[in-house]
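Residues per chain are reported as follows:
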Amino acid sequence: MGFPGTWMTESESVVYRVVPKCACSTIGQIMYYSDHGSFFDGDIHDATSGLHKWAFEASQPKIEANVKAHRSFTFTCVRNPYTRILSSFFDKICGIQRNGRRYRGNLVPMLVQKYGIETGEPENGFEFDQIRSFRRFLLFARDTIRWRRPMEPDIHWSAMSGHIATFIVNGGRYDHIFFTEKFDEGMQVVLDNIETPHKVDLAAVPRFNESEGHGPRRAHPVEAYFDDLSMHLVYEIYKRDFQLFRYDFENPANKMPVGEIDLEEVHAKLGR
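Conventions we followed
Residues numbered from 1 in each chain as written. Predicted model: local features only at pLDDT ≥ 70, side-chain atom pairs only at ≥ 80, totals over all residues. Heavy atoms only, no water. Axes fitted to C-alpha atoms, helices over the stretch in contact; angles between N-to-C directions. Helix = DSSP H or I, 4+ residues; strand = E, 2+ residues; numbered from the N terminus. Parallel < 35°, antiparallel > 145°, perpendicular 65-115°, else oblique. Contact = heavy atoms within 4.5 Å. Nonpolar A, V, L, I, M, F, W, Y, C, P; charged D, E, K, R; others polar. Salt bridge = Lys/Arg side-chain N within 4 Å of Asp/Glu carboxyl O. Buried < 20%, exposed > 50% of the residue type's maximum accessible area, 1.4 Å probe, protein only. Arc of directions from axis to C-beta. Core = buried A, V, L, I, M, F, W, Y, C linked by side-chain atoms within 4.5 Å. Phe/Tyr/Trp six-rings, centres within 6.5 Å; stacked < 30°, edge-to-face > 60°. Lys NZ or Arg CZ within 6 Å of the ring centre and 35° of its normal. Left-handed = near helix turned anticlockwise from the far one by under 90°. Lys, Arg positive; Asp, Glu negative; His and termini not counted. Polar contact = N/O pair within 3.5 Å; in protein donor to acceptor, adjacent residues only side chain to side chain.

**Remarks on the packing of helix 8 (residues 228–245) against helix 9 (residues 263–270)**
Part 1 of the reasoning: Running from N to C, helix 8 and helix 9 cross one another at 150°; their axes reach a closest spacing of 10 Å. By the criterion of interaxial angle, the relationship of helix 8 to helix 9 is roughly antiparallel. Contact with helix 8, carried on its side by Arg240, Leu244 and Phe245, involves Glu265, Val266, Lys269 and Leu270 of helix 9 and no other residues of that element.
Part 2 of the reasoning: Class assignment of the residues belonging to the contact of helix 8 with helix 9 gives a composition of four nonpolar, no polar and three charged.

This is the structure:
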């Protein structure tokens with residue numbers, strides 16, 4: 001299976017396991033800058049050079065050799081499950097993608113038909129009942145993850161622990177896992193542990209939120225989207241994420257972690 005979702009600088013200074021919707025655009029741009037002294041002109045996900053990615057066949061032997069020998073500092077980043085699934089909804093379901101189309105072609109029409117989800121349209125300012133549609137989307141996300149219908153789970157709302165586990169199961173090991181909510185603090189730990197061709201000043205790095213502006217803005221506080229049933233569905237999908245990455249299930253309004261991540265526990269429980 002190898003190491004899907006893994007990026008590595010060309011200098012092999014650092015290895016990163018991408019977790020979608022967890023600051024991956026900003027992290028990728030920092031990695032690119034650390035090698036080249038400039039940011040990639042465009043969405044880093046579209047970069048086909050300047051960064052090793054498992055998706056590129058030519059990069060796979062280099063990534064695999066590095067990871068199995070643990071030659072480089074290796075990290076990933078996690079996010080509060082409540083805000084992550086909301087971000088997935090507004091970006092991937094409601095938003096217009098970089099190619100000017102809806103995400104995954106016929107996905108949204110299918111959700112409208114089978115789950116009664118509304119997404120709004122750009123021409124009417126994306127006006128729709130966000131809370132009702134999001135809660136219906138949660139039912140769909142649960143169906144994909146629990147029963148793999150009406151489609152396989154999508155990487156943007158699959159559990160973070162699943163992404164992180166593939167790296168461990170296939171022979172990788174993390175040196176650091178940090179919180180999106182404490183991004184500068186966590187990313188600085190990475191930079192302090194590696195040597196790069198170009199020094200990175202985090203205070204000068206813009207936030208590359210490539211999904212911003214693709215769709216409607218969230219109209220309500222996070223907690224407004226989650227009633228008791230919605231919280232139950234989120235816990236059913238992301239129980240392991242809440243437990244391993246120390247997020248507060250009881251209070252959707254609290255996006256901050258309530259403890260520190262135990263790397264040994266992560267490797268033990270996700271490496272089975």
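**A word on the pattern of salt bridges**
Part 1 of the reasoning: One pass over the structure, following the stated rule, counts 15 salt bridges.
Part 2 of the reasoning: One salt bridge connects Arg142 with Asp143, and the closest N-O pair in it is separated by 3.1 Å. Both residues of the pair, Arg142 and Asp143, belong to the buried class.
Part 3 of the reasoning: Within the structure, one salt-bridge network assembled from shared partners comprises Arg142, Asp143, Arg146 and Glu236.

**Things to note about helix 7 (residues 183–192)**
Part 1 of the reasoning: Those residues of helix 7 that sit buried are Phe183, Gly186, Met187, Val190 and Leu191. In a view along the axis of helix 7, the buried residues occupy a sector of 145°, so they form one face of it. Opposite the packed face of helix 7, turned more than 90 degrees from it, sit the exposed residues Glu185 and Asp192.
Part 2 of the reasoning: Tucked inside the fold, the buried residues of helix 7 contact strand 2 (14–17), helix 1 (24–36), strand 4 (73–78) and strand 5 (176–179).

**With respect to the nonpolar core**
Part 1 of the reasoning: Phe137 and Phe226 are the most contacted members of the largest nonpolar core, which has 56 residues in total.
Part 2 of the reasoning: Those elements giving two or more residues to this core turn out to be helix 2 (60–69), helix 3 (81–93), helix 4 (107–115), helix 5 (130–146), helix 6 (160–169), strand 5, helix 8 and helix 9.
Part 3 of the reasoning: Not counting chain neighbours up to four residues away, the residues in contact with Phe226 comprise Tyr82, Ile85, Leu86, Phe134, Arg135, Leu138, Met231, Val234 and Pro252.
Part 4 of the reasoning: Judged by nonpolar contacts, the second largest core, of 25 residues, contains Met31, Ile44, Ile194 and Val205.

**Details of the packing of aromatic side chains**
Part 1 of the reasoning: Tallying each qualifying case throughout the model produces 28 aromatic pairs.
Part 2 of the reasoning: Ring plane angle 40° and centroid distance 6.3 Å describe the contact between Phe134 and Phe137, whose orientation is recorded as tilted. Taken together, the residues Phe134 and Phe137, both in helix 5 and three residues apart, mark about one turn of the helix. For the pair Phe134 and Phe137, one class covers both residues: buried.
Part 3 of the reasoning: The side chain of Lys53 reaches across the aromatic face of Trp7, ending 4.9 Å from its centre.
Part 4 of the reasoning: One residue, Lys92, lies across the ring of Tyr103, its end atom 5.1 Å from the ring centre.

**Focus: the packing of helix 1 against helix 7**
Part 1 of the reasoning: The N-to-C vectors of helix 1 and helix 7 enclose an angle of 30°; their axes lie 13 Å apart at closest approach. It follows that helix 1 is roughly parallel to helix 7 by the angle criterion. In this structure, the crossing between helix 1 and helix 7 has a hand that is right-handed. Packed against helix 1, whose contacting residues are Thr26, Ile27 and Ile30, the element helix 7 presents Phe183, Met187 and Leu191 at the interface.
Part 2 of the reasoning: Looking at side-chain class alone, the contact of helix 1 with helix 7 contains five nonpolar, one polar and no charged residues.

**Some remarks on the side chain of Arg84**
Part 1 of the reasoning: Residue placement: Arg84 occurs in helix 3.
Part 2 of the reasoning: Buried and without a salt bridge, Arg84 has Asp241 as its closest oppositely charged side chain, separated by 4.8 Å.
Part 3 of the reasoning: Reaching out from Arg84, the side chain makes a polar contact with the backbone oxygen of Ser158 at a distance of 2.8 Å.

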